[in-house]
Structures are given as C-alpha cells and as structure tokens.
Amino acid sequence: MREEYNFEEIENKWQSIWKSENVFSVKEDPGRKKYYCLEMYPYPSGKIHMGHVRNYAIGDVISRFKTMSGFNVLHPIGWDALGLPAENAAIKHGVHPKEWTLDNIAYMKKQLQRMGFNYDWSREVSTCLPEYYRWCQWIFLKLFEKEQAFRKKSWVNWCPSCSTVLANEQVISGLCWRCDAEADQKQMEQWYLKITDYAEELLSGHSRLSSWPEHVLAMQRNWIGKSTGAHVTFPVVGSSQTVEVFTTRIDTIFGATFLVLSPEHPLSADLIGDSADRDSHMAWIKRKIEEQRLSRDEGEAEKEGIDTGKKAVNPFTGEDIPIWIANYILMDYGTGAVMAVPAHDERDFEFAGKYGLSIRVVITPDGMVPKKEPEEATEAYGRLIQSGRFTGKSSRSAMEEMALFAEEQGFGSKSTLFRLRDWGISRQRYWGTPIPVIYCKDCGIVGVPYEELPVQLPSDVELKGEEGSPLARNESFVHTACPKCGGPARRETDTMDTFVDSSWYFFRYCSPGETGLPFQPEAAKYWMPVDLYIGGVEHAILHLIYSRYFCKVLRDLGLTDRDEPFPHYLPQGMVIKDGSAMSKSKGNVVDPDEMIRKYGADTLRIFILFASPPEKEFAWNEKGIEGSFRFLNRIWSFFQENADLFNEYEFNAAEGSEADETVRGLRTKMHQTIRNVTVDIDKRFHLNTAISSIMELLNRMKADRDCLRTSEMGRSALREAMEILIRMLSPFAPHLCEELWQKLGHQQILVHGEWPAFNPELAREETVTVVVQVNGKLRDKFEVERGTAEEEVKSRALKLERIQQILVGRTVRKVICIQDKLVNIVA
RNA sequence: GCCGGGGUGGCGGAAUUGGUAGACGCAAGGGACUUAAAAUCCCUCGGAGAGUCAUCUCUGUGCGGGUUCGAUUCCCGCCCCCGGCACCA
C-alpha cells in the first residue's frame, strides 16, 4: 500500500524536531568561515503577506545552501516594531500599541515557523522593547556629544493625517509615504542627524558596492546629488551687501546678464525695501513663497519674477547687471540665488525672453557660427567667445582656471554641493524611541545620563489622535529633574523616526543579549558585514542610505571597523496579481495561510521561487502553484515506487566500461545538475533555474528508471541519484527532503548534511552532438566522441549525405570547426 | 527633460564566453486508464508552407542598419514599456 504525500504531517513533524533539537542556533566560531544572510525585518502589521514569503524564502534557500556548503551561517530575524500603525490601531480600537504589536509578533512568528524558515530564534530582536531602544538612545547621546545630533529650526514636512513631521525622503510626490495624505509645510524646531558630513563618503563608498544593482546605486547617487562648481560673490551696487551664487558653469559667467534670487532669499525683501512698488512687491514675494511651498512637488510652474531695481557687479566683466527675484529659484539648494546666463541655460533663456532681459552668447559649440539672437539656449560646451582674457579657450577646461582666478581675486572659490539634507528624526508620536534629552532653564539641553537609560515609554498614556505628541500630555513623563543642576526640567517629548531603529538592527543580531553596549564589537567583527542583504527595492534610498550612514558613524565611535554594512544587496521584485501589487484595496490578496493549508509550506516555497528570478516581479497564478504541488508529488511517488532501494547503500561504481550507457548517462546528468544548481544558487541567485534543473534530473530518473532497475549497478546509480536530488532540493523543500532523507536510512538530519560535490570528470559527456551548418544555417548533426580531432570532424561533416546534397553545384570555400560543438561550411 | 533597467511562444520564463532559440513549468489540444469524473500516465505544442507523414523548406528574439563563417548575445540609429529623479543653478 502506497503512502500519500501527507505534507501537513511531514511538515509538523520536522518543524518540531528542528525546534526541539535547536538546529538553527549558531555561535561565533573563529575556526570556521562565516556567512551572514539577512532579509529586511518585517513591520508586525498583523499577518505575513506573499511579499514576506518571497523575501524570506529566498534568504532561507541561500542560508540553508551555505550551511550545507560548510559555512557558519547567521540567519536572524526580528521586528521593526515601533511605528504609526500600532498607534493608529490604538486610537481606533482602544488597544494599547504594545499589546497590539506583541500580539501581531506572536502571530507572525508562528506563520514564519510554519513556513519552515531556519531562523536562529534565540537572536530575535524587537525594536519596541526597552532592551533594544535603550541602545538607540545610547547611540543618539554619542552622536549628540559629537554634534552629529543637533537641533535646528526650519521648515519641515508635516503630515496632517499622521500629525507628525516627515523627513524629505518620506514625502513622495507631495504625499506622506505612509498614509498618502498631502504633506504641509510647517516651521518647527527639530532634531537632526548630520548625515551630510558623510555625503562624500556615502557616494565614494559606491565603488565598494559593485555587486549592487546599477539602478539602486543610481538612485542613491541622485539622492546624494553631488555637483562640483564654484561659488561667486556679486557686490550689490551702492551697498555693502553681496549676493553669493553657486554655479556649475562658471565658464559661462561672461554671459551672466542678471542675477535671480529666490523669493525666500534673505536679501529679497531687503532689496525692494526702498522701491516705489515696495508693498505690492512684498505681497508678491509672500504669495510666491506660499505657492512654492505648496506646489513643490507638482512640477514646474510658469516662471514669474520682479525686478528689484537694484544692480550687482559681475566681477568678471565689471558690468552692472540687474537683480531679479523669481519663483524658479529654490531657497534650499545652493545659496538661493543664481547668476542667470540666458544664452546657455534653458530656464534663464525662458525667463529672459519673457521679461526682455539681455542675452549674450559666450560659447560656440565646435564648428558652429555664433548667433547674435539665438532661438534657444545652448548648454553644450565649446569655445569661449566674448569672455575677456579667457576668449578662445575650451570652455570645459577653462572652468578650473576661471574658478582659480576668482579665488585669487577674492570673489569666489571652487566648491562642491550636495543635494542630500540632514536627516530630521523628530516625530511627534508616542510609539517610538524617546529622544533621551532634558531641557533645563539654567543648563540648556542636557543629555540623559547613560546610566539612566533607557528612557522608557510610559505605559499609561492616552491615545486619541489629537495633535501634538501624546508624551507631551503625560505629566509624569514630562516633569523631571535636570541631571546637571537637579532643578526642575522638562523631558523631550518627541520620539525618533523608526528608520533610526532599523539603521543598526543587523549589528544587534550579532550579540542580541549584550547589556553593556549596543552590540559586542568582537561578535560584530566576526559576523559583519552582512554577506547578502535581501529586501524590497522600495528601501533603496531611505533605509539603505541611513544604514550605510550609521555603519560609518558606529565605525567612528570605535564599535566596528566595517565601512559598509551590506556589500551585496539583492533587491527582490514585488509579488503581483492581475497586473498590480497585492493589496487589500485592490482585493487581490492571496493569503499564505490558505496556501499552506491547501498545498503545504514546501509547495508554496517552491512555487514562489520557481516562477521568476528573485529580482523580477512575481506574478501570482493559481494554476502555477498546482504545478509545483505536482512536482513534489512526483518526487514523493517516485520514492514510493523505488522504496526497495532505501536500504541499499554504497554506489559500488565501476566507472567506464563496466557501467552501461544508461548508468553513465544518468551520472553525467546528475553531475551537470549539481554544477548548474550550485552556480544558480551561489553565484547568480537564480533560484528558478536551479529548481528547473532539479526537475530535469527527476524527469531523467523517471525516464530511465525501468532500464536502470534491471541491473545491480543501475539500481545503485538510481539510489545515488535519489540521494543527490534530495540533498539539492532540501533548501527549497526542506520538510519533504528531511522525510525522504530519513527514509533513505540516514540518521543525521539533512539540515546538517553536506552539499553534493561536483565532479567535472563525471559531468563531461563522452559523446557530443556536433551541429553542421551550411552558411550559418543548421542542416544536420551527428554524434562524435568528445575531443575528436578537427580534421576528422570536418571530413565526417562533409561526407554526410544531406550536406553533400546541399553542396551540389557549390564550392566549399571555408570550413569552420568549433571543437565538440559545430561545423560551419561556407559555400 | 535627465538617470537607470528592459522588450524572446497563448502565459511565467530559459539560453554560462558570439555557436542547435524557446530549457523547466503553466495553459491548450489529442490519447490511455475509468461505467463516468477527478487524479495519474503518454503524445503534440513559435508562425507559414510542402509532404512519400519514423520528414523537409522558409521564416522568427521590438524596428532599421552594421561587424562576423555565424548575432537573442557585440556596435550605430530609432520605437515602445517599466522604475527613479525632476525648475538642483
């Protein structure tokens, strides 16, 4: 009587064995090579979704494979457990964020375990626990001491729906990244981290991230936004004031026929101070500031400006040029003022055209005749004309010289500008890490002493969704004594952006129980960096740039010697269905629990890895999962049909002459499969083709089965193939494979088994198919012994009947022969 | 507009260094088993045409050129799709 493939029984059995034998827990072992495989930890929103399943299945296969390949593998998981949804749930359902979060964690943990993932649960980390966030506070205080954390009043993005501040990165085309409400602008005093200090290093560090996908590096590059150029100072005529501008095109400065200030520029109001139209101009400025703030993410507005009536001196030409104020100049980039070169800048050209300002061409692109009245701006480099002492030079190479000249003359300097802003981390919410700072009337801003950490979140807090931080309304939290003078003082009531928590959690995994420091430097030295980081590309700029920054900061605090936390990042594609991402609002969500119930975790794992390579989108398809289920069933029944081989052990392989063709063929196929699967997992991360190679091997075993079973050697070859197949499949379908491995008579569990060794001798086919082409077109093929001499292969090809027919009436001019592959006859 | 990534059957996707295009799977069609169905197993499966039907020819990897004995792969030009940034001086 044949057994059915009872996935539920098998999966439960092995999950409890893995758990009771604690097989996934790892320790530092300096004698062994380590491998740190990490997937982005989840936000405990309630349930695992397919995106998680895919992400974690990829990491699970890689880490199981690496373990079998002899590495000491760290594969941890934890929870990004602070954040707004918990608080919103509290407001909506009256459940405390902590309770809500811990319940979700408990549920999702069960789901992950039900998938059979090989996490070392002893290293589990939850950012909402004081044992974790105390170290966020510790790091913050260190940064505060180094002036890497500082307070600044400025315009901030404000989400009215979440009633909190958002970092620039968290505003996506004008909307809150979390709730899609339209973000406002507000002026507030906030805590910032000085990530801009590391702008240059964050950019140059890209050279060490060569295995990151190009588009991710490009996004970061854009975000950092380095531009090299020069600052130039223009004195205001009849005043001691000056206007400083930044330009990347100092070569065009002889064509600078006016200056333009942002409406927000501090001088804007000043310069129109004594003009006749003062009041209307002031009103205009106010209106434009407002408009710029509101429309900043709505694309380009019609260019508008006003003449201040004042002039400035172009220090290169000595000419007086008008100073304008216009809405196309941004205050928060560069100096908030530009030199306008209408002949060589599209925007300035458009503006000059509208207001009749003069245009002077100072560059001719090579081989072109300069026009007095150009129809468009020419931004190309070329030869300088009308440029005083620089006339005739190449504009590109003159830039250096002109910047140097400005420097010598004292009205400018070479400089570099970054688009990257300091990271605003203050959030006016409850469910985050309290910023460990005390405000004292006499002593000012005082850090909470290290020995008093953590500053705990009070549990008795009312969450009703009113504006302002809930902590600010909690009297017993707010009122405290100044650590310096002992006088009455107030606690900071803002909490940290949760991206702070996630910027170093991967260090914490190295020594999660550490009580004296955020993590043990020795443990981190062993495990870090993360060898493979897997997660959604939506974090390409936010999380990944913050984490890179934190790694450098922790390095400068002496806690680690690593410069980069994630030398290899593998972004995984979205899981979609019916053409769009799975979401409740679309109603196209597929529940992993339901799939596990129906097909089992192994099938779900196989399917989600099989249909496309990790970096591509994965399109859910109900029929597809049945195909994966069938595959596992075919394996199960194949083993049932050959159960008599379970107890035959050694492959007493006489290679070569004694083995018949089928045996040799199977072993060749087997070793080719080992090679392909190994390369696919280890080098290419193409788990889909790894699975299809294993399918091919099974197909071959099934096809040759009857023939193989007729001989002793055949049976033993078949048994060997069954073992190899199971070992290779085990990272993908670990439960089924453990079960079959046990049936094959093994005592030791497969988790600790060895990855099959590849033997190139055996993978090499003894005979190969040589393709015969005539003028590049496939005409015939024949079998030949591997390594047959070129001359013989050529003459055999030419003697083929079909080839002879085709060659009738033609002259063979040339015969190209590629060893063991192809003959191409040119005739 | 700028930057990045792509375009291969009905579908998801293979093709490792320029050398048999379409592996593996899904769907579809046909057959076996069955009273019947499901499951399972076997066969066919890019398009067009011919046929002596256990075959052959032409054509085919977004479009147009080029290099080469040979191009999905390399080069030039174009079209389209996706992602990111966007008045960044």
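The structure displayed is predicted, hence computed values, not measured ones. (Residues numbered from 1 in each chain as written. Chains lettered and ligands numbered in written order. Predicted model: local features only at pLDDT ≥ 70, side-chain atom pairs only at ≥ 80, totals over all residues. Heavy atoms only, no water.)

A.B. asks: Give a detailed account of the sheet that holds strand β6 (residues 164–166), specifying residues and quantitative values.
C.D. replies: Read across the open sheet, the 4 strands follow the order β6-β5-β9-β19; overall the sheet is antiparallel. The open sheet terminates on both sides in strands that have one partner only, identified here as β6 and β19 (423–424). Where strand β5 (residues 149–159) lies against strand β9 (residues 184–193), 10 bridges are found, and the strand directions are antiparallel. The residue bridging R151 from the neighbouring strand is W191, located in β9. (Pairing = 2+ DSSP bridges. Helix = DSSP H or I, 4+ residues; strand = E, 2+ residues; numbered from the N terminus.)

A.B. asks: Give me the pattern of salt bridges: which residues, what numbers.
C.D. replies: Within the structure shown, the criterion is met by 50 salt bridges. One salt bridge in this structure joins R562 and D561, with 3.8 Å as the shortest N-O distance. Between E723 and R719 there is a salt bridge, with the nearest N and O atoms lying 2.4 Å from each other. Here E723 and its partner R719 are both found in helix α22 (residues 712–729), 4 residues apart, which amounts to about one turn of the helix. You can call E723 buried: its relative accessible area is 13%. (Salt bridge = Lys/Arg side-chain N within 4 Å of Asp/Glu carboxyl O. Buried < 20%, exposed > 50% of the residue type's maximum accessible area, 1.4 Å probe, protein only.)

A.B. asks: So what about the packing of aromatic side chains? Which residues, and what values?
C.D. replies: The final tally for this structure, using the stated rule, is 51 aromatic pairs. Geometrically, the ring pair formed by F117 and Y119 is edge-to-face, given 5.9 Å between the ring centres and 70° between the ring planes. Per residue, the accessibility class of F117 equals that of Y119, and both read buried. With a centroid separation of 5.6 Å and an interplanar angle of 90°, the aromatic rings of W324 and F351 are classed as edge-to-face. Of the two residues, W324 sits in strand β14 (residues 320–326) while F351 sits in helix α10 (residues 346–355), which places them 27 residues apart along the sequence. (Phe/Tyr/Trp six-rings, centres within 6.5 Å; stacked < 30°, edge-to-face > 60°.)

A.B. asks: How would you sum up unusual backbone geometry? Please name residues and give values.
C.D. replies: Residue P454 follows L453 across a cis peptide bond; omega there is 0°. Relative to the helices and strands, P454 is located in the loop between β22 (444–447) and α12 (475–478). Along the chain, M528 connects to P529 via a cis peptide bond; the corresponding omega equals 0°. Look at E147: it is not a glycine, yet its phi comes out positive at around 60°. Relative to the elements of secondary structure, E147 occurs in the loop between α5 (130–145) and β5. Positive phi outside glycine occurs at Q386, with the angle close to 45°. Note that Q386 resides in the loop between β17 (383–384) and α11 (395–409). For Q386, a relative accessible area of 49% puts it in the partly exposed group.

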